[in-house]
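# Per-entry structural report
This is what each chain is made of:
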Protein chains: 2
Amino acid sequence: MPRAGLSPDAVVDAAIAIVDAEGPGALTLAAVAGRAGVATPSLYKHVRNLAELRLLMTVRVMEELTERLGEAALGRSGDDAVRAVMRAYRSYVVEHPGRYASMEQSAEPLGKVDAAGERLLGVILAVLRGYDLEGSALVHAARCLRSSVHGFAVLEAAGGFGLPEDLEASYELLITMVTGGLPHRTARVT
Amino acid sequence: MPRAGLSPDAVVDAAIAIVDAEGPGALTLAAVAGRAGVATPSLYKHVRNLAELRLLMTVRVMEELTERLGEAALGRSGDDAVRAVMRAYRSYVVEHPGRYASMEQSAEPLGKVDAAGERLLGVILAVLRGYDLEGSALVHAARCLRSSVHGFAVLEAAGGFGLPEDLEASYELLITMVTGGLPHRTARVT
DNA sequence: CTATAAAGCTAATAAAGTTAGCCTGAACTG
DNA sequence: CAGTTCAGGCTAACTTTATTAGCTTTATAG
């Protein structure tokens, strides 16, 4: 008697609505079921358990982020692309802090997360193609970019910045720090 | 009949031992009580509840970190000091990943956490005194340093770096990115 | 029109956090 | 040194959450 017409995606929708509205701490199967209009145990027809739901949420966020970053990077290159991607990243987090804060932890070998992470990494690597980076250097640069951006995002989403100084300005400095630290392609004469 | 001779600090000790050994997911009052050699409800004589225990753990970690960073900064200045502090930060996280990963979240107005955070910030600000930074610029720089270091730490502690490239090398790049992005004090002639 | 299987539901269990209230022995008082 | 007090421990009991088992039903395929 499929009345509610649920699906794994719909369950993730409900879960994300909850963390958006009330923060990661409010994520409970009862709450998800309530929002989905279904009894708690019914969720298990669509999701293996809470841990899997969390992973699916992480995948969802990574995908949304990947799309945003991809759009931001379109038609740009070099510092310009890095700037746009970094700003897009933060704007996503500012718009959905609860959602972003929900996706941490794990370490599971679940393929879906890895795959989504790789797509996200792909965008970053693509943006860094415009620099004079090869092999390992590219990976190191990508890690630095990701660390900076993620660190800022986590701290901001958790309300970790106490002082009243403008966060935009701080982030702009972070952006110049990153772009300034990448080896720019110099016009090379053979 | 105070047999176990517990105290808030001892409870935090037990809790930290658990996250060190089994990760943040294993933190449960039953586990803490077990390690402390006491029945679960007895913990409430020393700690208001699980949330407060988490906050106390966060304070503890911040204090340990502050001490490490302070030591690392001693007798150094400028880029040298920043490098030493950043390396000390990461070395702490590498030594105690579970402990570091346990301290996230919250947003509580609990005074103790804020105070510990301010002491930690104090060390960072002190290290940045060696640069040509004043007022807000100092705050922005401190945030960038903190974001980068924290982001790398979180990702590393959570096993978020999948590729086999050397993490040390990535971190050294991050260090040069940060030091390179700070405005160096130029010999100024009046 | 019927058979089946997916999608709900109710009931039940186990673990975790938390509260209430009892009990005792260590420490302080006189 | 005896008596009082109370911090710190315990057991019992409750609530909430995750999870499992098993029943029921309706969309739908044939």
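Remember, it's a predicted structure, so these values are computed and weren't measured experimentally. (Residues numbered from 1 in each chain as written. Chains lettered and ligands numbered in written order. Predicted model: local features only at pLDDT ≥ 70, side-chain atom pairs only at ≥ 80, totals over all residues. Heavy atoms only, no water.)

## Focus on the protein's contact with DNA strand C
As a matter of local geometry, DNA strand C sits amid 21 residues, with Leu6(A), Ala39(A), Ser42(A), His46(A) and Leu29(B) nearest to it. Backbone atoms, meaning sugar and phosphate, make up 66% of the atoms of DNA strand C lying within 4 Å of the protein. Note that a phosphate oxygen of DNA strand C is positioned 2.9 Å from one of the backbone N or O atoms of Leu6(A). His46(A) is positioned with one of its side-chain polar atoms (N or O) 2.5 Å from a phosphate oxygen of DNA strand C. When the residues that make up the surface near DNA strand C are grouped by side-chain class, the tally is 13 nonpolar, six polar and two charged. (Near = heavy atom within 4 Å. Polar contact = N/O pair within 3.5 Å; in protein donor to acceptor, adjacent residues only side chain to side chain. Nonpolar A, V, L, I, M, F, W, Y, C, P; charged D, E, K, R; others polar.)

## Some points on the UniProt feature "DNA-binding region" (unreviewed entry) in chain A
In the UniProt entry, the feature "DNA-binding region" (unreviewed entry) is given for residues 28-47 of chain A. Taken end to end, residues 28-47 of chain A is 40% helix and 0% strand, and its two terminal C-alpha atoms sit 13 Å from one another. (UniProt positions renumbered as here; feature names shortened; annotations may be inferred. Helix = DSSP H or I, 4+ residues; strand = E, 2+ residues; numbered from the N terminus.)

## As for the domain arrangement of chain A
Residue and element names in this part refer to chain A. For chain A, the assigned domains are domain 1 (1-47) and domain 2 (57-181). Using C-alpha coordinates to define each centre, domain 1 is positioned 28 Å away from domain 2. Domain 1 puts nine residues into the contact, and the matching count from domain 2 is seven residues. Here domain 1 meets domain 2 over a buried area of about 730 Å², counting both sides, of which 63% is carbon and sulfur. Here domain 1 is connected to domain 2 by three salt bridges. Between Asp20 and Arg99 there is a salt bridge, with its nearest N and O atoms 2.3 Å apart. Where domain 1 meets domain 2, there are three residue pairs in polar contact (both at pLDDT 80 or more). Taken together, the residues that form the side of domain 1 that touches domain 2 break down as six nonpolar, no polar and three charged. (Domains from an automatic or database assignment. Contact = heavy atoms within 4.5 Å. Buried area = accessible area lost by both parts, 1.4 Å probe. Salt bridge = Lys/Arg side-chain N within 4 Å of Asp/Glu carboxyl O.)

## A look at helix α6 (residues 111-128) of chain B
Residues and elements named next belong to chain B. Along its 18 residues, α6 runs 25 Å from first to last C-alpha, staying within 8% of the 26 Å computed at 1.5 Å per residue. For α6, every residue scored as buried is listed here: Val113, Ala116, Leu120, Val123, Ile124, Leu125, Val127 and Leu128. Buried positions along α6 lie against α3 (50-73), α4 (78-95) and α7 (136-157). (Expected span 1.5 Å × (residues − 1). Buried < 20%, exposed > 50% of the residue type's maximum accessible area, 1.4 Å probe, protein only.)

## Re the side chain of His150(A)
Structurally, His150(A) can be placed in helix α7 (residues 136-157). Among the residues examined, His150(A) registers a relative accessible area of 4% and is labelled buried. Sequence-distant contacts of His150(A), defined by excluding residues within four places in its chain, comprise Tyr89(A), Tyr100(A), Glu104(A), Gly151(B), Val154(B) and Leu155(B).

## Quick word on the relation of the copies chain A and chain B
When chain A is fitted to chain B, the best match, at an RMSD of 0.1 Å, comes from turning it 180° and sliding it 0.0 Å along the axis. Here the transformation between the copies is reduced to the relation of a two-fold axis. For chain A, the minimum C-alpha distance to the rotation axis belongs to Gly151(A) and amounts to 1.7 Å. Comparing interface residues between copies, 100% of those in chain A also lie at the interface in chain B; the contact surface is shared. (Least-squares fit on C-alpha atoms with pLDDT ≥ 70 in both.)

## Description of helix α1 (residues 8-22) of chain B
All names here are of chain B. For α1, built from 15 residues, the straight-helix expectation of 21 Å at 1.5 Å per residue is met to within 8% by its first-to-last C-alpha distance of 21 Å. Listing the buried residues of α1 in full gives Val11, Val12, Ala14, Ala15, Ile16, Ile18 and Val19. Positive backbone phi, at 90°, marks Gly23, one or two positions downstream of α1.

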